[in-house]
Amino acid sequence: MEQLTQQLKSGKMEILEVPFPELNKGNILVRNHFSVISSGTEGKTVSDARKGYLAKAKSRQKEVKQVIEMVKTNGLVETYSKVMNKLEAPSPLGYSCSGEVIAVGKEVKNFKVGDWVACGGNSARHAEVVSVPINLAVKVPKDVSLKHAAFTTIGAIAIQGIRQAELSLGENCLIIGMGLIGQITYKILEASGNYPIGIDISQSHVDQARKIGLKNVYNRNQDGIEDIIESFTNGYGTDSIIITAGTSSLDPVEFAGEMARSKAKIVIVGAVPTGFSRANYYKKELDLRMSSSYGPGRNQLNYEEKGLDYPIGYVRWTENRNMQSFVKLLEANRITIEPLITHSFSLIDAPSAYDMILENSEFFTGICIEYDIDTQIKSSIELNNRNFNSEEVNVSFIGAGSFAQGTLLPNIKGKCNLVGVSTNSGTSSKYVADKYGFKYCAAESDEVYNDPNTNTVFITTRHNLHADSVIKALENGKNVFVEKPLGMNEEELEKISEAYKEAHNSGHNVHLMVGFNRRFAPAIQKAIELFDSARPKSIMIRVNAGILPKDHWVNDADIGGGRVIGEACHFIDLARHIGGSKIISVSAEAIDDPNDLHNTVVVNLKMENGSIATINYFSNGNKNLEKEFIEIYSGGTIAQINDFKELNIFGKKKERIKYKGQDKGHKNEIELFLKSIRDGEPTPIPFEESYESSLVTCKVLESITKNDKILF
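Residues numbered from 1 in each chain as written. Predicted model: local features only at pLDDT ≥ 70, side-chain atom pairs only at ≥ 80, totals over all residues. Heavy atoms only, no water.

Participant: What's the story with the overall build of the protein in this structure? I'm lost.
Facilitator: Secondary structure assignment for the protein yields 23 helices and 32 strands. Here the C-alpha atoms of the protein give a radius of gyration of 29 Å, agreeing with the 27 Å that 2.2 N^0.38 yields for 712 residues. Summarising its shape, the C-alpha atoms of the protein cover approximately 90 × 60 × 50 Å along the three principal directions. Put simply, of all contacts in the protein between residues at least 6 apart along the chain, 68% involve residues at least 24 apart. (Helix = DSSP H or I, 4+ residues; strand = E, 2+ residues; numbered from the N terminus. Rg over C-alpha atoms; globule rule 2.2 N^0.38 Å. Contact = heavy atoms within 4.5 Å.)

Structural data, given as structure tokens:
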């Protein structure tokens, strides 16, 4: 299929041939008929991308600070590589479209193949096919134009602004900014029995609004505009003001304060600053409100990704119900969209639409992209016709996000054959496939599992998909490298263990390894050499993990499993490796937190050979302290590792070893894993140890819950 993308580095726009996006559980696959370009939101994105590096930095100061912090931790070379990878990757555009359902994912009940739908959100892209969560899609009756329904998401933005204004029948409303959302807002208010009046600094917008029948629209800068609004409201001032403008000027907020009546509500829909003067807002006791995009549920993981709806008795108007409202207005002919559409482009010509927006070469309001729905489109893309020797290591990837692109793939390239890649995003799959030389990019992960050319699968998806992915790969006789965690709970670990045993019993001598990379860090390997393996060790690992937002996917119990499962497992495995013996007991304590996340924990381990370990995994610290600190004590010698950059040895003599940059062992890990497959050697981390470390991690949570030591 084809999709519109832009490169953040240069702003270059391309129509790329990419695979279908993955059809996940709770999603529908839609063949687009139309999509709408948001001249405000998308125009700014494209404008920023076309700026030089200095101008980019000025407009993205938050991201610049993040890069500076990354340099401090990872060094300049690694940071530069990761930043360039982000800037060079094709970035999708669009958030409002309409089309026909061509497939439905698991647990989808309210949609079927053939339904017409309007879609919104970060997956409703300018592409021939999109995969959209069910709460970001609504059905469209067959007597409603799909071209008009493509405006549903933008209409929902307008509706949410109106709902925030809490207007009663017969009340008036001033709309500041008469672009596309402003004009839709005007139409909906008028259809609802309210009395809108609109202003804009652009005379073209004023003229166009009047041309399509919006009578009370004026130029903000015309003489006497205050008197016009005063007269319109019978001298009381406006009952409510909805700001749909996008500007860096304070004028919209200041002017709203001047025109509002006492106790009025002022709703900000557009991107405007809010550093207003106090006088009017104080004297009139004005209520300033923000309107969050399409409505309640927007950017909420539970609502959008998991498909959990809010009960209608508690949240009457969610983003999905706002979208439904707009479609019903279209169906009832209460509002008409056709007069707002000033331009239509084919997908292949879509880049010129953005040139028009940025150059302001023509007047525009509603801009549509129309798709050729009669052409046949391919779900997967083959990039070359290479053949592979089954005796060689032939690798495919399931998932290829920032970690895979920034860490794993650079260390893999040139050391094996790269066959197929499957990710959630078609643009991501295509970029990775082109950059690293994969043979094809797949629309579904099953294509990789069933591919006879692939004998090794790297799994780097979100945590909740690891277990099923590992099992499918094992069932198809593939070697597996899976990023941590191996599984999210004991039930998943047991199923993986059974699949691993079954694969070996069936004659598949497969390797299964978890990405516990710290075992292979030069500092760890050197430190272990210092000690007598027969003597017990005392191990202390301190992790200054840092704060993670409570709504981050890693903290979600169903998707990320929490930071103990998703991250602390690294250090449990590292302690087990340093101790060199099976873990026989675990006890853990966590600081109570209001979200019950168990993100700040102390874990104590006892091993069969007498070694003991304490892991302090803390999320309540400060990033100015190095992240990881390890001390090993045994036989009169101490090894101290500081963030994998430095090893201090305290024995008969004191020695300091400094490493070039931070090396957490990823390169060694990958090389040894591939070598074990190539040469028929044992897996660098025996499956039994990966399973043990993963099981102990699950038992950490059990220990916290039961407030008890767990014995093995």
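Participant: I would appreciate a short explanation of helix α18 (residues 466-475) in the present structure.
Facilitator: Given 3.6 residues per helical turn, the α-helix brings residues three or four places apart onto the same face. Where burial is concerned, most of α18 is hidden: seven out of the 10 residues are buried. In this fold, the buried residues of α18 make contact with α17 (445-449), β21 (456-459), β22 (479-482), α19 (490-505) and β23 (512-514). A positive backbone phi angle near 75° is found at Gly477, which sits one or two residues after α18. (Buried < 20%, exposed > 50% of the residue type's maximum accessible area, 1.4 Å probe, protein only.)

Participant: Explain the packing of helix α6 (residues 152-165) against helix α13 (residues 319-331) here, please?
Facilitator: If you want to describe how two helices pack, look at the angle between their axes and the distance between the axes. Two elements in contact, α6 and α13, have axes separated by 8 Å at closest approach and are oriented at 110°. Comparing their axes, α13 and α6 come out roughly perpendicular. Between α6, through Thr152, Thr153, Gly155, Ala156, Ile159, Gln160 and Arg163, and α13, the contact on the second element is made entirely by Asn322, Met323, Ser325, Phe326 and Val327. Residues that form the contact of α6 with α13 fall into these classes: five nonpolar, six polar and one charged. (Axes fitted to C-alpha atoms, helices over the stretch in contact; angles between N-to-C directions. Parallel < 35°, antiparallel > 145°, perpendicular 65-115°, else oblique. Nonpolar A, V, L, I, M, F, W, Y, C, P; charged D, E, K, R; others polar.)

Participant: Looking at this structure, how should I read the sheet that holds strand β1 (residues 2-7)?
Facilitator: Two orientations exist for strands paired in a sheet by backbone hydrogen bonds: parallel and antiparallel. Taken in spatial order, the three strands make up an open sheet running β2-β1-β4, and their pairing is antiparallel. Strands at the two margins of the open sheet, each flanked by one partner only, are β2 (13-17) and β4 (90-92). Ignoring which end each strand starts from, the neighbouring axes of this sheet average 50° apart. Relative to β4, β1 runs antiparallel, the two being bridged by three bridges. For Gln7, the partnering residue across the bridge sits in β4 and is Pro90. (Pairing = 2+ DSSP bridges.)

Participant: Mind showing me how you'd approach helix α20 (residues 522-529) here?
Facilitator: Along α20, the positions that sit buried rather than exposed are Ala523, Ile524 and Ala527. On an axial view of α20, the arc spanned by its buried residues comes to 95°, and they lie on one face. Tucked into the core, α20 has its buried residues touching α21 (563-579), β28 (628-634), β29 (637-642) and β30 (646-650). (Arc of directions from axis to C-beta.)

Participant: Would you take a moment to explain the pattern of salt bridges for this structure?
Facilitator: Two side chains that carry opposite charge are able to pair once their charged atoms sit near each other. Overall, the coordinates contain 33 salt bridges when judged by the stated rule. Between Lys378 and Glu17 there is a salt bridge, with its nearest N and O atoms 3.6 Å apart. In this pair, Lys378 sits in the loop between β16 (366-370) and β17 (381-382) while Glu17 sits in strand β2, placing the two residues 361 residues apart along the sequence. For Glu17, a relative accessible area of 37% puts it in the partly exposed group. (Salt bridge = Lys/Arg side-chain N within 4 Å of Asp/Glu carboxyl O.)

Participant: Just to check I follow, could you spell out unusual backbone geometry for this structure?
Facilitator: The step from Lys484 to Pro485 runs through a cis peptide bond, and the omega angle for that step is 0°. Within the fold, Pro485 resides in the loop between β22 and α19. The phi dihedral of Asn234 falls on the positive side, at around 60°, and the residue is not glycine. If you trace the backbone, Asn234 turns up in the loop between α9 (225-232) and β12 (238-243). Since its relative accessible area comes to 64%, Asn234 is described here as exposed. For Asn299, which is not a glycine, the phi torsion comes out positive at approximately 60°. Topologically, Asn299 is positioned in the loop between β14 (287-290) and α12 (301-304). Note on Asn299: relative accessible area 54%, which makes it exposed.

Participant: I tried to follow the sheet that holds strand β32 (residues 710-711) on my own but got confused; where do I start?
Facilitator: Taken in spatial order, the nine strands make up an open sheet running β31-β30-β29-β28-β24-β27-β26-β25-β32, and their pairing is mixed. Taken across any chain shown, the strands that pair with only one partner, and hence form the sheet edges, are β31 (654-658) and β32. As judged from the two bridges shared by strand β25 (residues 583-590) and β32, these two strands associate in the antiparallel manner. The residue bridging Val586 from the neighbouring strand is Ile710, located in β32. Seen against the sheet, α20 touches β28, β29, β30 and β31 and runs at an angle of roughly 180° to β29. Contacts between helix α23 (residues 687-706) and the sheet are confined to β25, β26 (601-607) and β32, with β25 contributing the most and set at about 40° to the helix.

Participant: Is there a simple way to explain the packing of α19 against α23 in this structure?
Facilitator: Relative orientation of the contacting elements α19 and α23 amounts to 165°, with a least axis distance of 10 Å. Between α19 and α23, the crossing angle belongs to the class labelled roughly antiparallel. The interaxial crossing formed by α19 with α23 has left-handed handedness. On α23, the residues that touch Glu490, Leu493, Glu494, Ile496, Ser497 and Tyr500 of α19 are Phe687, Tyr691, Ser694, Leu695, Cys698, Lys699 and Glu702. Grouping the constituent residues of the contact of α19 with α23 by class yields seven nonpolar, two polar and four charged. (Left-handed = near helix turned anticlockwise from the far one by under 90°.)

Participant: Just to check I follow, could you spell out the packing of aromatic side chains for this structure?
Facilitator: Ring pairs (aromatic) are described by centroid distance and by the angle formed between their planes. Inspection of the entire model under this criterion finds 11 aromatic pairs. Aromatic pair Tyr303 and Tyr310: ring centres 5.3 Å apart, planes at 20°, arrangement stacked. Seen from their ring centres, Phe687 and Tyr691 are 6.1 Å apart, and the 45° between their planes marks the pair as tilted. Remark: Tyr691 and Phe687 occur in helix α23; sequence separation between them is four residues, near one turn of the helix. For the pair Phe687 and Tyr691, a shared accessibility class is recorded, and that class is buried. (Phe/Tyr/Trp six-rings, centres within 6.5 Å; stacked < 30°, edge-to-face > 60°.)

Participant: Just checking my understanding: could you explain a negative patch on the surface for this structure?
Facilitator: Taken together, the side chains of Glu226, Asp227, Glu230 and Glu258 present a region of like negative charge at the surface. For the negative patch, the element with the highest residue contribution is α9, accounting for three residues. Relative to the helices and strands, Asp227 resides in helix α9. Judged by relative accessible area, which is 58%, Asp227 ranks as exposed. (Patch = residues over 30% accessible without salt bridge, like charges linked within 9 Å, V, L, I, M, F, W, Y side chains within 5 Å. Areas by Shrake-Rupley, 256 points an atom, 1.4 Å probe, with all protein chains shown as cover. Lys, Arg positive; Asp, Glu negative; His and termini not counted. Charge placed at Lys NZ, Arg CZ, Asp CG, Glu CD.)

Participant: I'm lost on the environment of Val457 in this one. Help?
Facilitator: Within the secondary structure layout, Val457 lies in strand β21. When the C-alpha positions of Val457 and Val419 are compared, they lie 9.8 Å apart, and in sequence the two are 38 residues distant. Beyond its immediate sequence surroundings of up to four residues, Val457 is in contact with Ser396, Ile398, Val448, Ala473, Lys478, Asn479, Val480 and Phe481.

Participant: So what exactly am I meant to see when it comes to the side chain of Ser35 here?
Facilitator: Note that Ser35 resides in strand β3 (residues 27-37). Of note is the side chain of Ser35, whose polar atom sits 2.7 Å from the side chain of Tyr371. Leaving out residues up to four positions away in the same chain, Ser35 has contacts with Ser96, Cys97, His126, Ala150, Ile367, Cys368, Ile369 and Tyr371. (Polar contact = N/O pair within 3.5 Å; in protein donor to acceptor, adjacent residues only side chain to side chain.)

Participant: What exactly am I supposed to notice about the nonpolar core here?
Facilitator: Core analysis: the largest hydrophobic core is formed by 69 residues, its most contacted members being Ile28, Ile188 and Phe326. Phe326 has contacts with His148, Phe151, Thr152, Gly155, Ile159, Ile184, Ile188, Ile335 and Ile337, leaving out every residue within four places of it along the chain. Residues Leu418, Leu474, Tyr500 and Ile565 belong to the second largest nonpolar core, which totals 60 residues. (Core = buried A, V, L, I, M, F, W, Y, C linked by side-chain atoms within 4.5 Å.)

Participant: Before we go on, may I ask you to explain the side chain of Gln405 in this structure?
Facilitator: Assignment of secondary structure puts Gln405 in helix α15 (residues 402-412). Discounting chain neighbours no more than four positions away, the residues touching Gln405 are Asn85, Ala400, Pro410, Ser428, Tyr431, Val432 and Tyr436.

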